[in-house]
Amino acid sequence: MKLTELPPLPESQTALQAMAYTDPLTGLGNRYRMRDRVRLLVAERASDPAPFTIAIANLDAFKPINDLFGTEAGDEILCQVAHRLKACVPDGATVTRHAGDEFAFVLPLVFERVGGEKFGQMIREVLSAPYDLGDRNVRLSASFGLAIHPFAGEDFDSLLKSAETALYRSKRRGRGQITVYSDDIAREMKRATQLEQALRNAIISDSIDVHFQPIVSLGNNAILGFEALARWNDPDLGFISPAVFVPLAEERGFIDALSEALLRKAAEAALAWPRELFLSFNLSSAQLMDPNTSSSVLAILARVGFDPHRLELEITETAVMSSTETAHQIIGDLRVAGVRISLDDFGTGQSSLGRLRDFAFDKVKIDRAFVSRINTDRASEHIIKAILSMCEGLDLKVVAEGIENREEAEKLRTLGCGMGQGYYYGKPVDGVATLRYLQEHYYDFGERGSARD
Ligand code: C2E
Ligand code: CA
Ligand code: CA
């Protein structure tokens, strides 16, 4: 008889089974325990139509704690969390740990959203008290995603997926948020999937367009260049804002394909402009985390035959922050090739003066939010003044965005802002209309402009 054919001893069999259902670190049940519990409840509720709820709790910013204090301290916190959760879950409820800093609950007596939110608030409160690490105390918050059976899913997998979607929404809103999966979320998910499919098709059929908005010298109103802005008009879905479809392409992982198509189109169109005009192009934050970005940008310019010295890339602060090292590398490589870098939407994100020093930028674009209030709100005027004097000291050029009338333009000019952009000078228009705009507004376009070459 082979060893494996020996009948297992009864104790060790139960011990093995218990192990398979237990999280070794905290002693809580694991994912399999939760799955079995949910399956059992689903079977029971087949005859009893009462709903039940599952919840996921994920600690906020746990990774930095692990990195800062070591994994041992991290493990200690996870054990303390488990201890607190075990002590406070209601009768009949189950708490499990799935992986890392993620815990889950099965709540047979929570039937609807308000009850789910109350449960989340209670757990959030329990987890917010300081954690004792011997020589120091640490505080943590947690985010929650909840899903109610059967509305958010009929079986374990779909219910868990809905709870994860709800958790993802909580995380996107910041720390300590509670989201219960709802019909609204389901509809939004469906729409996002529809949109994603349509966007993929539009990229394949090359039907995403690029429009151009002039950037001028505030001193003499001369055109200096244009910012490229993506436009998508879907035959079925209608006009969709780039503020919607660019983040969608980032989230679903095909921003590189979209951005490549846009840059190619923009550079091709810009070939017809006077050579001294620049093209300003928006890079998405996801592209600053992708080490291939610089070579792909330069390859497109080479293919189109567009001089890298005429290109500016607009990036945002959040983009630079999320992956500093890669971003440094990309910006460095592009600048060596002659591409200039603008810091977009300045003043809205987590602006840090240090970042202006650490990164080699050429230009700063002051966000529309300040520009539109410059003549009505003293604080905005002071902020703009401060940005201007700081940029002067750092030898950075400045563009004010969103100038809509003469008063704003005048004010910015007297404050010493060099460049401006906005509806007052021109709305974004397509390539053909841009050439017309140049003919009307660019003083010597036609004599030495390349359109005639
Ligand atoms: P952004 O880079 O800050 O672009 C400026 C936005 O302000 C544009 O909106 C533009 O049409 C609008 N705008 C310009 N002047 C005025 C004005 O005087 N008044 C008002 N109210 N608005 C003005 P748009 O085209 O809807 O773009 C929204 C955002 O989408 C952009 O913000 C940018 O972050 C992103 N985006 C647009 N095109 C692209 C692209 O090709 N690639 C990437 N990665 N992002 C893009
Ligand atoms: Ca921009
Ligand atoms: Ca901007």
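The residue count restarts for each chain, going from 1 along the sequence in the order it is written. Lettering for chains starts from A, numbering for ligands starts from 1, and both go in the order in which the items are written. Where local features are concerned, this predicted model is filtered to residues with pLDDT of at least 70; where side-chain atom pairs are given and counted, the filter is 80 or more; whole-chain, interface and lining totals use all residues. Just so you know, side-chain values use all the structure's heavy atoms and leave hydrogens and water out.

1. Concerning the packing of aromatic side chains
So, point 1. Here a Phe, Tyr or Trp ring, Trp counted by its six-membered ring, pairs with any other such ring whose centre lies within 6.5 Å, and the pair is stacked when the planes are under 30 degrees apart, edge-to-face when over 60, and tilted otherwise. If you walk through the whole model with that rule in mind, you get seven aromatic pairs.
So, point 2. Arranged with centres 5.0 Å apart and planes meeting at 75 degrees, the rings of Phe 105 and Phe 119 form a pair that is edge-to-face. In this pair, Phe 105 is assigned in strand 3 (residues 102–107) and Phe 119 in helix 5 (residues 113–128), connecting sequence segments 14 residues apart.
So, point 3. Ring plane angle 50 degrees and centroid distance 4.8 Å describe the contact between Phe 226 and Trp 273, whose orientation is recorded as tilted. Here Phe 226 is found in strand 9 (residues 223–234), whereas its partner Trp 273 is found in the loop between helix 9 (255–270) and strand 11 (278–282), with 47 residues between them in sequence. In this structure, Phe 226 and Trp 273 share a single accessibility class: buried.
So, point 4. Among the aromatic residues, those joined into a cluster by ring pairs are Phe 212, Phe 226, Trp 273 and Tyr 437.
So, point 5. A positively charged side chain is recorded as over a ring if its NZ (Lys) or CZ (Arg) lies within 6 Å of the ring centre. The angle to the ring normal must also be within 35 degrees. When the ring centre of Tyr 131 is taken as origin, the NZ or CZ atom of Arg 84, which lies over that ring, is 3.8 Å away.
So, point 6. Between Lys 427 and the ring centre of Tyr 423, over which it is positioned, the NZ or CZ distance is 4.6 Å. Strands here mean DSSP runs of E at least two residues long; helices mean DSSP runs of H or I at least four residues long; both are numbered from the N terminus. Partly exposed describes any residue whose relative accessible area lies between the buried limit of under 20% and the exposed limit of over 50%, with all areas from a 1.4 Å probe on protein chains only and scaled to the type maximum.

2. Considerations on the coordination of the calcium ion (ligand 2)
Ideal geometry at a metal gives 109.5 degrees between four tetrahedral donors and either 90 or 180 degrees between six octahedral ones.
So, point 1. Sites may look incomplete, because water is not among the atoms used; the donor set itself consists of N, O and S atoms within 2.8 Å of the metal (3.2 Å for Na, K and Ca). Distances from the calcium ion (ligand 2) to its protein donors, Glu 227 (OE), Asn 282 (OD1), Glu 314 (OE) and Asp 344 (OD), fall within 2.1 to 2.4 Å.
So, point 2. In this structure the calcium ion (ligand 3) is found 3.8 Å away from the calcium ion (ligand 2), and Asp 344 serves as a bridging donor for the pair. Here Glu 314 lies in strand 12 (residues 311–315) and Glu 227 lies in strand 9, a separation of 87 residues in the sequence.
So, point 3. The exposure class assigned to Glu 314 is buried, which follows from its relative accessible area of 1%.

3. A look at the sheet that holds strand 3
So, point 1. Strands sit in the order 2-3-1-6-7 across an open sheet of five strands; the sheet is mixed. Whereas interior strands pair on both sides, the edge strands pair on one side only; in this sheet they are strand 2 (94–99) and strand 7 (178–180). Taken over all neighbouring pairs, the strand axes of this sheet differ in orientation by 20 degrees on average, direction set aside. Between any two strands, at least two bridges found by DSSP are needed for them to pair. Each axis is a line fitted through C-alpha atoms, taken for helices only over the stretch in contact, and angles between the N-to-C directions span 0 to 180 degrees.

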